[in-house]
Amino acid sequence: MTKIITDPDVFVAESLDGLVLAHSDILRRVDGGVARAQALPAGQVAVVVGGGSGHYPGFAGAVGEGFAAAAVCGNIFSSPSTAQAIRVADEVEAGGGILFSYGNYAGDVIHFGETERRLRTRGVDVRTVLVTDDIASAPAEHVDQRRGIAGDLCVFRIAGASASRGDAIDEVERLALAANARTRTLGVAFSGCTLPGATEPLFRVPEGMMSIGLGIHGEPGIRDVPLETADRLALTLLHPLLEERPHGASDRVALLVNGLGAVTQEELFVLFRHVYEELVRHGLTVVAPLCGDLVTSLDMGGVSVTLMWLNDELEELWCSPARTTALVRGNPVRQASALPAPGESGREAPTGSRAPTESPALAGRDAEPSAPRRSASAESVHAATVARDLLGAARDAIAVEADALGALDAIAGDGDHGVGMLRGLEATCTAAERVVPEVGIGELLEAAGDAWADRAGGTSGALWGAALAEFGAVLERSPTIDGAAVAEAVMRARERLVQLGGAEPGDKTMLDALLPFEQALKSAIESGADLIDALAAGAFEAERAADATAALSPKRGRARPLAERSIGHPDPGAVSFAVIVRTTHSVMVERNRT
Ligand code: ADP
Ligand code: MG
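Let us look at the structure shown here. (Residues numbered from 1 in each chain as written. Chains lettered and ligands numbered in written order. Predicted model: local features only at pLDDT ≥ 70, side-chain atom pairs only at ≥ 80, totals over all residues. Heavy atoms only, no water.)

The next point concerns the sheet that holds strand S4 (residues 64–65). The three strands lie next to each other as S4-S14-S15, forming an open sheet whose pairing is antiparallel. Looking at which strands have only one partner, the edges of the open sheet turn out to be S4 and strand S15 (328–329). Bridge analysis of S4 against strand S14 (residues 322–324) gives two bridges, and the strand direction is antiparallel. Paired with Glu65 across the two strands is Arg323, which belongs to S14. (Pairing = 2+ DSSP bridges. Helix = DSSP H or I, 4+ residues; strand = E, 2+ residues; numbered from the N terminus.)

This is the structure in structure tokens:
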């Protein structure tokens, strides 16, 4: 449980501020994350890493010379938004292109994928290398479905070292892909982790047991087995990794023994000793190993072991100089002007009356977005007024359900669906308040959708945000805003959601509630029902379909690796969708009455 906290909403921002103040010679704060204190040399490839927070030193600790140029830092366990990733990338782009690297999670893929698309339209050369090192998350035949855990650090390091020595983007990408193809991790959890502000852990491991195949977002392991002594545990974690030795691998390996947050360093050394011994017994040579908290999961009790099978070019990069808050290796050549001026060091900054906000290292902290403005028809402005009401009511309804949605998401996912939805909807309401009253439906829902995606993080936030913006855009273009226009806008919003998230019916996602809603709404409108009755029919079908997702096995998102646990429980995203459309119907009934 988090003891040092001001307010869960600002936990990540305050933590990043503190990190930068403590290391202002290495890092500076940018809007959406952290970047190297010194600008990249012109023409250098910018390696931008990222993901949710809660994993320190993943991922801000991977920023510095010989490593990444910047890290985009989302909320706890939630993907950063597209807007955030663009802001961070813009801070470090130096003319050599951008290589994004991050763990393979649906939310991150959606947000970074959209970032890549937008930067490309501006002419920036953007590449992406997903990390897929977790062997417990999918079988070897489906490496592309595996998630990224502690092996993130190996891939980021190779990409960053390659970029830092001046390699062109094709080469940086090739080496990062090679590193990922040769990196494998397996972990084990002894106890769950607790989100800042929450009182209950996301999962519990039964007394005397350990949970093999942990995720780093509080996803529980794949199977529980009795606790083992350190020598046995070393074999349990190592042997599956050795079985997946890549074809043609040499006998030299980089080794990471990683703590997940609540295991003491001395225990890690005990495990390290046995892992090392076993590797030597297998005729392997351990090169420049790391042992400590490298990619954590808040206060989770757990460890993971990572092997990166080296070849000459990977070994050279793995051992090259680096200087980040997580790793110092060799002696990177530094520009003399890059040294901080006396008194600029963050270690001295936040004392006495001097507020940390005045430190130059924090100059780029998260900014408030400003309100846009476009002209709109009277009907569109009226629709925007209704939409404001609906967003407020949806927020209130989700607030009531947030704990239950979180619990549902914790069964096989990461437990953040309730807080994520609530944060997203609160952001839509703030955005709606900030735009001028005479704004049209298109502009309102664009601002609200962007705010939702930006603040919620996570897969559902990205999808809801994009779908909401699309819904508003279709209504704005419609000559009149009636039931048929709403049905058309729902269909187009669903198409956008599918385009972004790639889900198919039956994958156990919110789509499985959205599609029946859409069909019921459409057929009611077509048979002459008014919008309120059509919404009633749609909400009824959405609730029924959300319940029915209990029987499905998840094929998308964070719940997929633990599909079996999910059976018998409805999909959290489908349930929250049903709550929102039910609320929409109630609000429309109420408005009609008054
Ligand atoms: P995250 O999975 O990133 O933690 P949330 O917990 O907020 O995000 O949302 C989880 C929900 O998102 C799932 O229950 C599911 O309904 C929905 N979801 C996940 N992936 C997809 C996808 N690819 N397409 C549609 N919906 C998805
Ligand atoms: Mg979740």
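Let's pick the thread back up.
Turning our eyes to something else, we now look at the site of ligand 1. Close contacts around ligand 1 come from 19 residues, with Asp414, Thr459, Ser460, Met510 and Asp571 the closest. Interatomic distance of 2.9 Å between a side-chain N/O atom of Asp414 and an oxygen atom of ligand 1. The contact in question runs from an oxygen atom of ligand 1 to an N or O atom on the side chain of Asp416, over 2.9 Å. Taken by itself ligand 1 offers 560 Å² of open surface, and the protein chains cover 96% of this. Those elements that place two or more of their residues in the shell around ligand 1 are helix H12 (458–477) and helix H17 (572–593). With four residues, H12 is the single largest residue contributor to the shell around ligand 1. (Near = heavy atom within 4 Å. Polar contact = N/O pair within 3.5 Å; in protein donor to acceptor, adjacent residues only side chain to side chain. Areas by Shrake-Rupley, 256 points an atom, 1.4 Å probe, with all protein chains shown as cover.)

Applying the stated rule across the entire model yields seven aromatic pairs. For the ring pair Phe517 and Phe577, a centre distance of 5.5 Å and an interplane angle of 80 degrees mean the geometry is edge-to-face. With Phe517 in helix H14 (residues 511–526) and Phe577 in helix H17, this residue pair connects regions lying 60 residues apart in the sequence. Like Phe577, Phe517 is buried. Feature note: the residues Trp452, Trp464, Phe517 and Phe577 constitute an aromatic cluster, connected by ring pairs. Against the face of Phe67 rests Arg157, its NZ or CZ located 5.7 Å from the ring centre. The ring centre of Trp318 lies 5.1 Å from the NZ or CZ of Arg329, which sits over that ring. (Phe/Tyr/Trp six-rings, centres within 6.5 Å; stacked < 30°, edge-to-face > 60°. Buried < 20%, exposed > 50% of the residue type's maximum accessible area, 1.4 Å probe, protein only. Lys NZ or Arg CZ within 6 Å of the ring centre and 35° of its normal.)

If a residue is not glycine, its phi is most likely negative; likewise, a peptide bond is most likely trans. For the bond from Tyr56 to Pro57, the omega torsion is 10 degrees, close enough to zero to count as cis. Relative to the elements of secondary structure, Pro57 occurs in the loop between strand S3 (46–53) and S4. The amide bond that connects Gly58 to the next residue, Phe59, takes the cis arrangement and shows omega of 5 degrees. As for its placement among the helices and strands, Phe59 is situated in the loop between S3 and S4. Of note, the phi angle at Ala288 is positive, near 40 degrees, even though the residue is not glycine. Looking at the secondary structure, you find Ala288 in strand S12 (residues 285–292). We note that Lys508 has phi near 65 degrees; this positive angle belongs to a residue other than glycine. One can find Lys508 in the loop between helix H13 (483–501) and H14. Taking relative accessible area as the criterion, Lys508 reaches 3% and is therefore assigned buried.

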